Amino acid sequence: MRNPATTAALAESAELVLPWLPPQDLTAAASSCRTLRAAASAVTARRAADAARGLEPLPVPFHNAVDSKPYAYFLYTPFSLTGPSSTRAQPWGCSRDGPPEPTWPRPNLDGFPSAVCGCACSAEECGGPECACADEEADAGSSGSEAGMGSLRECGDECACGPSCGNRRTQRGVTVRLRVVRHLQKGWGLHAAEAIGRGLFVCEYAGEFLTTEEARRRQRLYDELASAGKLSPALIVIREHLPSGKACLRVNIDATKMGNVARFINHSCDGGNLRPVLVRNSDSLLPRLCFFAARDIVEGEELTFSYGDARLRPKGLPCFCGSSGCSGVLPSEET
């Protein structure tokens, strides 16, 4: 019989080490002894209770009534980061999670273009009707744009205002209640855990900003793994036509290994209930992809948007969106 002091020391060490382990290593640790099995079970329960690891204002729990998978494992970031400097380890399932880390100000994106400064408003005026950062189109849920993509401007890190500014509504993290639900055919999906009114901000699509060369390299690998059923990739390519009409800005965001709750949003051939909006901060030339409710969404409803035109790749993966106009194939544009 193990000494009680030894058991207590092992349990204390487990609380420090086990949250850093990926699922396969956590399972291996749990098989070694009763103390580690109990500690690993607690870590698993805490992971299933919040996909966001306490990094968002509200927890985003997993719900699975389909199989035995309690959660999906990935590294979490509330905002997009540059690929080379991304963190490769992250604790998840600690017994003493602190308050959410602020999602503002955002980190400097070394190597990516940025503007020289924010607006010249005072802190009291910033975000007001005369603010240079303010967008005339206030309703992101209905703002018109080519190919269904909205566009908004917000204050940036160089502006005098703080995170409570009314022109920073996409910079406060996930403030509507969501849950990640397991589906029989689609895998994990993101659902509303409360009613969400039309035009409300839901979440940003966060992950790793990639160069086009790296995005193409990863896409080839992801396609191979996905066709064998070994991976559910979450790499999105955004093309924004610049005002001149003579150039196109391409943004690649990969949430496959590092991302946020938006990585679970599934495709819908009917356009879905979320409206994608490109949000540009005053001090950055690189836009962020954010989702707003395109209409009133009821509690329990799955959140979806259109990935693109399935005709671009007729031999793609099967689509299970269930909409009346489902093409039967998931869009997957050649990158």
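Below or above, wherever it landed, is the structure these notes cover. Note that this is a predicted model, so its numbers are computed, not measured.

1. Comments concerning the packing of helix α1 (residues 4–17) against helix α3 (residues 34–49)
Here is step 1 of the chain: Taken N-terminus to C-terminus, the directions of α1 and α3 make an angle of 30 degrees; their axes are 9 Å apart at the nearest point. With respect to α3, the axis of α1 lies roughly parallel. Of the two possible hands of crossing, α1 and α3 adopt the one that is right-handed. Residues T7, L10, A11, A14 and E15 of α1 lie in contact with α3, whose contacting residues are T35, L36, A39 and R46.
Here is step 2 of the chain: For the contact of α1 with α3, the residue count by class is five nonpolar, two polar and two charged.

2. Focus on the nonpolar core
Here is step 1 of the chain: Judged by nonpolar contacts, the single largest core of 52 residues is most densely connected at L18, F62, L178, L190, Y205 and F291.
Here is step 2 of the chain: In contact with Y205, not counting residues within four places along its chain, are S80, A234, L235, I236, I253, A255, N260, A262, R263, L289 and F291.
Here is step 3 of the chain: Membership of the second largest hydrophobic core comes to nine residues, among which are C133, C159, C161 and C165.

3. Quick look at α3
Here is step 1 of the chain: The first and last C-alpha atoms of α3 sit 23 Å apart over 16 residues, in line with the 22 Å expected at 1.5 Å per residue.
Here is step 2 of the chain: Of all the residues in α3, the buried ones are T35, L36, A39, A40, V43, R47 and A48.
Here is step 3 of the chain: Each element contacted by the buried residues of α3 is listed here: α1, α2 (23–30) and β1 (62–63).

4. Remarks on the sheet that holds strand β6 (residues 187–192)
Here is step 1 of the chain: With mixed pairing, three strands are arranged side by side in an open sheet as β1-β5-β6. Each edge of the open sheet is held by one strand with a lone partner, namely β1 and β6.
Here is step 2 of the chain: In the sheet, β1 pairs with strand β5 (residues 178–183) via two bridges, with the strands oriented parallel. Counterpart to H63 in the pairing with β5 is V181.

5. A closer look at the pattern of salt bridges
Here is step 1 of the chain: This structure, assessed with the given rule, holds ten salt bridges.
Here is step 2 of the chain: With a shortest N-O distance of 2.5 Å, E302 and K186 are connected by a salt bridge. Here E302, found in the loop between β14 (288–293) and β15 (304–305), pairs with K186, found in the loop between β5 and β6; they are 116 residues apart in sequence, far enough to count as distant.
Here is step 3 of the chain: Looking at E302, the relative accessible area reads 13%, which means it is buried.
Here is step 4 of the chain: Between E208 and R218 there is a salt bridge, and its shortest N-O distance comes to 3.0 Å. One end of the pair, E208, is in strand β8 (residues 208–210); the other, R218, is in helix α4 (residues 212–227), and ten residues separate them in sequence. Accessibility assignment for this pair places E208 and R218 in one class, buried.
Here is step 5 of the chain: Overlapping salt bridges bring together E208, E214, R217, R218 and D254 as one network.

Reading guide: rules and limits
Residues numbered from 1 in each chain as written. Predicted model: local features only at pLDDT ≥ 70, side-chain atom pairs only at ≥ 80, totals over all residues. Heavy atoms only, no water. Axes fitted to C-alpha atoms, helices over the stretch in contact; angles between N-to-C directions. Helix = DSSP H or I, 4+ residues; strand = E, 2+ residues; numbered from the N terminus. Parallel < 35°, antiparallel > 145°, perpendicular 65-115°, else oblique. Left-handed = near helix turned anticlockwise from the far one by under 90°. Contact = heavy atoms within 4.5 Å. Nonpolar A, V, L, I, M, F, W, Y, C, P; charged D, E, K, R; others polar. Core = buried A, V, L, I, M, F, W, Y, C linked by side-chain atoms within 4.5 Å. Buried < 20%, exposed > 50% of the residue type's maximum accessible area, 1.4 Å probe, protein only. Expected span 1.5 Å × (residues − 1). Pairing = 2+ DSSP bridges. Salt bridge = Lys/Arg side-chain N within 4 Å of Asp/Glu carboxyl O.

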